Amino acid sequence: MSSDTLAKVPVRPPDPPEDDSAALTVVGRPRIGQWTAAVVVLVALALVVNSVARNDAFQWGVVGDYFTTPAVLRGLWLTLWLTAVVMVLGFALGTLLALGRLSANPVLRSVSWGYVWFFRSMPILVQLLFWFNIGALYPTLFGVRTVDLLGPVTIAVIGLTLHEAAYAAEVVRAGVLSVDRGQFEAAQSLGLGRWRRFRRIVLPQAMRSIVPPAGNMLIGTLKGTSIVSVIAVQDLLYSVQLVYHRTYQVIPLLLVATLWYVVVTSLLSVGQHYVERYYARGTERTR
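Residues numbered from 1 in each chain as written. Predicted model: local features only at pLDDT ≥ 70, side-chain atom pairs only at ≥ 80, totals over all residues. Heavy atoms only, no water.

(A) Highlighting the overall build of the protein. Broken down by element type, the protein carries 12 helices and 2 strands. Within the protein, buried positions represent 30% of all 287 residues. Nonlocal contacts in the protein, meaning residues at least 24 apart in sequence, comprise 75% of its contacts between residues at least 6 apart. Entry remark: accessible area of the protein is about 18900 Å², with carbon and sulfur atoms responsible for 64%. (Helix = DSSP H or I, 4+ residues; strand = E, 2+ residues; numbered from the N terminus. Buried < 20%, exposed > 50% of the residue type's maximum accessible area, 1.4 Å probe, protein only. Contact = heavy atoms within 4.5 Å. Areas by Shrake-Rupley, 256 points an atom, 1.4 Å probe, with all protein chains shown as cover.)

And the structure:
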């Protein structure tokens, strides 16, 4: 056979090597330490739950009797109302303070910084006691006796709002600073005004960073309202205190307040989760 004929005969390529990877079984490394820790934690949790459930000193029957009494529900309603009002007013004032801190005006920037510094430095209990005794400094306001003008609930709203606004200002400021600078420049190139740029471009993106700490602040404010009981505001904690001062059933009444706080904070946590998902649309955080 000539060389020209050999050149025209197709050469069969060699068979690829057989892939034996499918026949291999991947065996994970045993995690003895993790499983041991999990078992220890579950056993400890079971012991705690069993101890709490079977300890007659907790008086779970009394807890069930007082859990939905009118006095407790009125205190719960005031706690929820106070939380909502303080959060709305606190974030409204905090947003103005955040814009002041981001302003190019040195006066607004300095005053906003001073407000945040001052109210974050003062404990909330001291603030409430100060406002509760404001009548000693100003016996009359607008021609009305201060004690008649500022009742305990009003004082609680003022004190908690001023306190929360300082923290809300930092949350909003951090959220605005998290927006890429190119977004500002793109909005300016479209000829949008300053307020419209903030409302339509900056704020929706900043909310991704604002919502998580704001949710924590909401839950913290709900629990923090219990401190207003020191100025005789009949919130949830003060309501159960009035009952156990009469019945001397301290532990079960404290459990009533605790369970209500757990229920409400759990619902708020679920709501926070869905709000975060809403503002994380189109990002990897959605998953």
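After that view of the structure, there is still more to cover.
(B) Fine view of the packing of helix H4 (residues 70-102) against helix H11 (residues 236-247). It is the contact of H4 with H11, at a shortest axis distance of 7 Å, that shows an interaxial angle of 160 degrees. As the angle between them shows, H4 and H11 are arranged roughly antiparallel. When you trace H4 past H11, the crossing you get is right-handed. In contact with Ala71, Val72, Gly75, Leu76 and Thr79 of H4, H11 contributes Leu236, Ser239 and Val240. Taken together, the residues that form the contact of H4 with H11 break down as 5 nonpolar, 3 polar and no charged. (Axes fitted to C-alpha atoms, helices over the stretch in contact; angles between N-to-C directions. Parallel < 35°, antiparallel > 145°, perpendicular 65-115°, else oblique. Left-handed = near helix turned anticlockwise from the far one by under 90°. Nonpolar A, V, L, I, M, F, W, Y, C, P; charged D, E, K, R; others polar.)

(C) Here's a closer look at the layout of surface pockets. Taken as a whole, the largest pocket spans an internal volume of roughly 600 Å³. Lining the largest pocket are 15 residues, and of these Leu99, Leu102, Phe184, Arg194 and Arg197 lie nearest its centre. Those elements giving two or more residues to the lining of the largest pocket turn out to be H4, helix H8 (152-177), helix H9 (181-189) and helix H10 (194-224). At 5 residues, H10 tops the list of elements feeding residues into the lining of the largest pocket. (1 Å grid on protein atoms, 1.4 Å probe; cavity = no way out; pocket = protein on both sides within 12 Å on 5 of 7 lines; lining within 4 Å. Points joined across faces, edges and corners; volume = space filled by probe spheres on them.)

(D) Seen up close, the environment of Asn133. Its location among the elements puts Asn133 in the loop between helix H6 (124-132) and strand S1 (140-141). Here Asn133 falls in the partly exposed class, since its relative accessible area comes to 45%. Each C-alpha atom of the pair Asn133 and Ile155 lies 9.8 Å from the other, and the pair is 22 residues apart in sequence.

(E) Region of interest: the packing of aromatic side chains. Going through the model one piece at a time under the given rule, you end up with 8 aromatic pairs. Look at Tyr278 and Tyr279: their rings are 5.0 Å apart centre to centre, the planes differ by 85 degrees, and that puts the pair in the edge-to-face class. Taking relative accessible area as the criterion, Tyr278 reaches 45% and is therefore assigned partly exposed. With a relative accessible area of 26%, Tyr279 lands in the partly exposed category. Three or more aromatic residues joined by ring pairs make a cluster, and in this case those are Trp113, Tyr115, Trp117, Phe118 and Phe119. (Phe/Tyr/Trp six-rings, centres within 6.5 Å; stacked < 30°, edge-to-face > 60°.)

(F) Fine view of the packing of H4 against helix H5 (residues 106-121). Close contact between H4 and H5 brings their axes to 7 Å; oriented N to C, the two are set at 130 degrees. Taken together, the axes of H4 and H5 are oblique relative to one another. For H4 against H5, the interelement crossing comes out left-handed. Note on element contacts: H5 touches H4 through Leu108, Arg109, Ser112, Trp113, Tyr115 and Val116, opposite Leu93, Leu97, Gly100 and Arg101. The residue makeup of the contact of H4 with H5, split by class, is 6 nonpolar, 2 polar and 2 charged.

(G) Up close: the environment of Gly94. Secondary-structure assignment places Gly94 in helix H4. Taking the C-alpha atoms as reference points, Gly94 and Ala165, 71 residues apart in sequence, are found 4.4 Å from one another.

(H) Structural context of a nonpolar patch on the surface. A contiguous nonpolar surface patch, about 390 Å² in accessible area, is contributed by Trp77, Leu80, Trp81 and Val153. Residue placement: Leu80 occurs in helix H4. (Patch = residues over 30% accessible without salt bridge, like charges linked within 9 Å, V, L, I, M, F, W, Y side chains within 5 Å. Salt bridge = Lys/Arg side-chain N within 4 Å of Asp/Glu carboxyl O.)

(I) Quick peek at the pattern of salt bridges. Under the definition given, this model contains 2 salt bridges. Notably, a salt bridge pairs Arg101 with Glu170, separated by 2.6 Å at the nearest N-O pair. Residue Arg101 is located in helix H4, and its partner Glu170 is located in helix H8; the two are separated by 69 residues in the primary sequence. As far as burial versus exposure is concerned, Arg101 and Glu170 are alike and both buried. Residue Arg173 pairs with Glu170 through a salt bridge whose shortest N-O separation is 3.0 Å. In this pair, Arg173 and Glu170 both sit in helix H8, 3 residues apart, roughly one turn of the helix. Connected through shared salt-bridge partners, Arg101, Glu170 and Arg173 make up one network.

(J) Geometry of the side chain of Thr221. By secondary structure assignment, the location of Thr221 is in helix H10. Filtering out sequence-adjacent residues up to four positions away, Thr221 remains in contact with Thr83, Val86, Met87 and Glu164.

(K) Structural detail: unusual backbone geometry. You will see that Ala232, though not glycine, has its phi angle at about 65 degrees, which is positive. Along the chain, Ala232 turns up in the loop between H10 and H11. For Tyr248, which is not a glycine, the phi torsion comes out positive at approximately 65 degrees. On the secondary structure map, Tyr248 appears in the loop between H11 and helix H12 (250-279).

None of the figures reported here should be taken as evidence of function without further support.
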